[in-house]
Amino acid sequence: MDPRRACWEESSSEDVTRPLLPVHEDRPAGRRRCCTALRSVLANKYLAVASGPLACALICALGDLGGHPAARNMLGVLAWVFLWWITDAVPLAVASMAPLFLFPAFGISSADDVAKAYMDDVISLVLGSFILALAIEHYSIHRRLALNITSLFCGDPVKPHLLLLGICGTTVFISMWIHNTPCTVMMVQVATGILQRFPRDQLEAGADARELQRFSKALVLGITYASTIGGMATLTGTGANIILVGMWSTYFPEQRPITFSSWMSFGLPMALILFVALWATLCLMYCTKNTRRVLSAYLDRSHLRRELSLMGPMAFAEKMVLAVFGALIVLWMTRSLTDNIPGWAVLFDGKVGDGTVTILMTTLLFIIPSGKDDGEKLMDWNKCRKLQWHIILLLGAGFAIADGFKSSGLTDILSAGLGFLKGAPALAIAPAACVFSGLITEFTSDDATTTLVLPLLAELGKSIGVHPLLLMVPGTVGAQLSYLLPTATPGNVVGFGTGYITIKDMVITGLPLKLVGIAALTILLPTLGSLVFGMNSVVRM
């Protein structure tokens, strides 16, 4: 082949739209370079990266907290980390590791002290729960459970109200034991299998098509919100509850700890109230008298049972994972019962925690064989590659910040500054704390919101002379009432990303749930909460 021809073909194939003659642009070269540089800065998030150190420098240079440099530095570091969280300047895991070098550098705490916050009993609980969730996902136990319950509630012919009840109820149950985000991802896959039977390309035309569109919205919204609601019921469901437990033990180590069973005694009734409100809202807003007739043309119980039959009978590995999971739940619930009836933890002089048994039972997954001939175990480390380390590091950062508030003296300054609220009615401040936290959580994650507001609410409780949990629990629950925007939680992003719902749908459906949550908290906290958490006792300040 002629080399000149090959060279011509190569050059012509690189850019067929390249002009033969130079084109004279009106903009000067200097202006073009400035625009290019500006686009590069914005694309690489350099401004967001710089916002954290800049805010920290301004606070450290201009801030005056009455001669408390450590407290001033802590406030600057908090601004740095929080700005990186909300702007996504760096990955969440990287931003969460920032206290590991910022705290020692600014003299807030030693390297050993801040590192210890990233691995304690609470973190062990979360780590073990994530591994167990991966085992459930690997063996498709969640899908088998969802198909069984959905086919049970589907009805023949299909009953839309019962179908929503079954799918949302399944999501709530699964989300109680694994983190909200993987639960949403799992259940959205189940919902997608149902929605794929609908002619989505015709959802804009005709009354029947509008019925399918409304039910599709209800199904996706139900899974998205049910996942958040279920996480509220237990400590393992969401990071916000774990952060509350960690900060409570940090600020008030001599008080009665919040255990798995004590939180579930309060969180489960809250979750049930919100679940009923969610189901009623979806049925009233998205189901009509024609929905059953329209759905019957595309969906019936036989379809679901056919999918279930394709999975085959439960294998030995699935049964073993369920057995380990069930045993762990029993251990969680019986570690500490009541003051008069101690749990099994008394056998170990109270030196074991929920994280202890979680890691123990998780370890069994790497020992028990899966039943295959090649000696494969139920789990191996290759199956743990999807571990959500960013969530674990985020929790560690939250605990480090709580320790930093205390060691730097910032808590004392906040307590003195909030003294003017002393005498304010606690029953009015508790809903206000829930609303305050609920507003912030719509723009950042519930974990980040909890990390930010709980130290403030703990000091507020001290200042006005009420039990701190009367404010810290509303702050934690409010952070989980994240129903209005996709930015509120990763689960909302998953639901929004399906394309079946809009922001308008989320606001219209989520606002009633948010109001019900605030009202339920206002009633349950002074009554059931006082009994469960012992809020009638005096807290040592």
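In what follows, the structure referred to is the one given above.
The following refers to the structure shown. These figures come from a predicted structure and were not determined experimentally.

This part is about the side chain of S262. Along the chain, the position of S262 falls in helix α14 (residues 260-286). On the accessibility criterion, S262 (13% relative accessible area) is buried. From its side chain, S262 meets the backbone nitrogen of T259 in a polar contact 2.8 Å long. Excluding its chain neighbours within four sequence positions, the residues that come into contact with S262 are P257, V532 and F533.

For the rest of this paragraph, the subject is the packing of helix α4 (residues 69-87) against helix α22 (residues 446-464). Between α4 and α22, the least distance of the axes is 11 Å, while the angle of their chain directions is 160°. Classified by the angle their axes make, α4 and α22 are roughly antiparallel. Judged by the sense of rotation from one axis to the other, the crossing of α4 with α22 is left-handed. Counted together, L78, F82 and W85 of α4 and A448, T451 and L452 of α22 form the full contact between these two elements.

This brings us to α22. In a regular helix each residue adds 1.5 Å, so 19 residues correspond to 27 Å; α22 covers 26 Å between its end C-alpha atoms and thus fits that length. Along α22, the helix axis deviates most sharply at V453, where the bend reaches about 30°; the proline P455 sits within four residues downstream. When you tally the buried positions in α22, you get 17 out of 19 residues, the bulk of the element. Looking one or two residues past α22, G465 carries a phi angle of roughly 75°, positive in sign.

Conventions and cut-offs
- Residues numbered from 1 in each chain as written.
- Predicted model: local features only at pLDDT ≥ 70, side-chain atom pairs only at ≥ 80, totals over all residues.
- Heavy atoms only, no water.
- Helix = DSSP H or I, 4+ residues; strand = E, 2+ residues; numbered from the N terminus.
- Buried < 20%, exposed > 50% of the residue type's maximum accessible area, 1.4 Å probe, protein only.
- Polar contact = N/O pair within 3.5 Å; in protein donor to acceptor, adjacent residues only side chain to side chain.
- Contact = heavy atoms within 4.5 Å.
- Axes fitted to C-alpha atoms, helices over the stretch in contact; angles between N-to-C directions.
- Parallel < 35°, antiparallel > 145°, perpendicular 65-115°, else oblique.
- Left-handed = near helix turned anticlockwise from the far one by under 90°.
- Expected span 1.5 Å × (residues − 1).
- Bend = angle between axes of the 7 residues up to and from the residue.

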